[in-house]
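# Structural overview
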Amino acid sequence: MKDTEINRLPVPTWNQCGVNYAPAAAALPAVSGDDWGEADFAFTLPAGVGEAEEGFTVFPESGMGPKADAFFVENATIRHALTVAEGITVEQPALFEATLSPAHPNALTLLDIDVAAGSRLTVVQVVRGDAEDGVSGSLTRIRAAKGAQVKLVQVQLLGSHARRWNAVAIDTAEGAKVEQVRVELGGSVSACGTRALLPASHTEYDLDAIYFGEGSSVLDFNDVSVHTGKDTLCEMHTAGVLTGHADKTLRGTIDFRRGAKRGVGHESEDVLLFSPNARNRTTPLILCGEEEVEGQHAASIGRLDEEKLYYLRSRGLTEAQARRLMVEARFAPAIEKIPLDALREEVRAEAARRLDHAAE
């Protein structure tokens with residue numbers, strides 16, 4: 001296995017486990033001549049959101065690592081730097097939408113978000129469409145000042161030929177909270193990594209993520225929360241479905257460093273396997289450099305409970321309806337956090353379509 005230098009586990013384990021870094025199939029993309037072309041892209045900025053001429057010049061690394069960050073900084077064809085002034089509550093979400101197609105097969109985005117003290121902002125990023133060897137790539141960097149609240153919703157609805165790389169870096173100040181919702185429902189490759197820094201007291205990072213792997217897709221995730229401040233909190237919860245020959249790796253790390261007294265971190269994953277050929281690897285990791293902390297991790301991996309399936313069928317549901325209901329229940333916590341009604345229903349419909357296709 002080739003070392004891709006992305007999505008590296010913060011503390012490596014045995015190489016034989018195959019989880020120390022993303023596999024060669026998820027290596028960063030290359031386009032001949034470095035010509036990424038023009039992207040099919042649209043955005044809407046609500047009142048209260050400004051744009052700076054330049055983004056961050058220096059920023060902590062994302063969960064995908066410095067090589068991926070440098071790649072996006074160098075190659076991004078879509079660049080925005082959002083600002084929200086102190087004490088502003090932005091009522092409507094900022095919306096960014098990219099569509100891949102044969103005419104516009106690539107969309108590489110660099111999005112910097114700087115939210116001042118006491119302000120609130122929701123950002124929604126959506127990518128749809130399909131293109132042979134098409135590339136959707138993004139680096140999103142968030143700075144949340146004292147008491148700020150930022151919600152980042154990322155929805156990926158690509159076809160089976162496109163590939164996806166999604167890096168997120170988060171830096172927080174005292175009392176700030178950043179919430180991330182990540183929906184990954186398509187793509188032949190889906191590689192994502194978030195790294196959240198909680199360096200000050202009462203900072204919080206929440207992640208609700210869902211994914212659907214089918215065919216021969218490769219899914220690779222690396223989520224890290226680094227606690228150095230007192231009374232910090234992170235909640236990282238993921239649910240997924242694997243069908244066909246899908247191959248998925250999830251690394252979830254809660255890193256309590258010296259000084260993170262009374263820090264709390266919880267992480268969990270719930271995986272449903274709909275095929276004996278699908279491969280799942282879940283790697284929860286809790287690092288403790290401070291004694292007075294609370295860290296918990298849990299993972300549930302397996303097929304649908306046959307007793308529950310029988311119960312639902314006995315109540316008049318078909319097997320397909322029962323399976324859909326049980327998957328929807330697992331996906332609901334993340335989907336319900338999508339702030340746009342039409343997008344929320346689109347995600348539900350796409351998850352159901354993929355599930356029905358897998359059952360054929």
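Residues numbered from 1 in each chain as written. Predicted model: local features only at pLDDT ≥ 70, side-chain atom pairs only at ≥ 80, totals over all residues. Heavy atoms only, no water.

## Observations regarding the sheet that holds strand β2 (residues 50–51)
Overall, mixed pairing links the nine strands, which are arranged β2-β3-β5-β7-β9-β11-β13-β15-β17 in an open sheet. Looking at strand neighbours, the two that pair on one side only are β2 and β17 (279–288), the edges of this open sheet. Bridge count for strand β13 (residues 218–227) against strand β15 (residues 247–256) is ten bridges, and the pairing is parallel. Bridging from a neighbouring strand, Phe-221 pairs with Leu-250 of β15. Where helix α1 (residues 66–75) meets the sheet, it contacts β3 (78–84), β5 (106–115), β7 (135–144) and β9 (163–172), and its direction lies at approximately 105° from that of β7. (Pairing = 2+ DSSP bridges. Helix = DSSP H or I, 4+ residues; strand = E, 2+ residues; numbered from the N terminus. Contact = heavy atoms within 4.5 Å. Axes fitted to C-alpha atoms, helices over the stretch in contact; angles between N-to-C directions.)

## What to know about the pattern of salt bridges
This model, assessed by the stated rule, comprises 23 salt bridges. Note that Asp-255 is salt-bridged to Arg-257, the shortest N-O span being 3.0 Å. By relative accessible area, which is 10% here, Asp-255 ends up buried. With its nearest N and O atoms 2.2 Å apart, the salt bridge here joins Arg-348 to Glu-336. Placement of Arg-348 in helix α4 (residues 341–359) and of Glu-336 in the loop between α3 (319–335) and α4 is noted, with a sequence separation of twelve residues between them. A relative accessible area of 25% means that Arg-348 is categorised as partly exposed. (Salt bridge = Lys/Arg side-chain N within 4 Å of Asp/Glu carboxyl O. Buried < 20%, exposed > 50% of the residue type's maximum accessible area, 1.4 Å probe, protein only.)

## Thoughts on the environment of Asn-166
Residue position: Asn-166 is located in strand β9. Assessed through its relative accessible area of 1%, Asn-166 is described here as buried. Taking the C-alpha atoms as reference, Asn-166 lies 4.6 Å from Cys-192; in sequence the two are 26 residues apart. Other than its neighbours up to four places away in sequence, Asn-166 contacts Met-64, Ser-138, Gln-154, Arg-182, Glu-184, Ala-191, Cys-192 and Gly-193. Polar contacts involving the side chain of Asn-166 include one to the side chain of Gln-154, which spans 3.0 Å. (Polar contact = N/O pair within 3.5 Å; in protein donor to acceptor, adjacent residues only side chain to side chain.)

## Notes on the pairing of strand β16 (residues 263–273)
Here β16 lies mainly inside the structure; nine of its eleven residues are buried. In the sheet, β16 pairs with strand β18 (residues 293–302) via ten bridges, with the strands oriented parallel. Each residue of the ladder has a partner; that of Glu-267, found in β18, is His-297.

## A short note on the nonpolar core
If you look at the biggest cluster of nonpolar residues, it comprises 29 residues, and the most contacted ones within it are Leu-82, Ile-113, Leu-121 and Val-123. Among the nonpolar cores identified, the runner-up in size contains 24 residues, and Val-241, Ile-338, Leu-343 and Leu-355 belong to it. (Core = buried A, V, L, I, M, F, W, Y, C linked by side-chain atoms within 4.5 Å.)

## Considerations on unusual backbone geometry
Even without a glycine there, the phi angle at Asp-133 is positive, about 60°. Structurally, Asp-133 can be placed in the loop between β6 (120–129) and β7. Exposure remark for Asp-133: the relative accessible area of 49% places this residue in the partly exposed category. Its identity is not glycine, yet Arg-262 carries a phi of approximately 60°, on the positive side. If you trace the backbone, Arg-262 turns up in the loop between β15 and β16.

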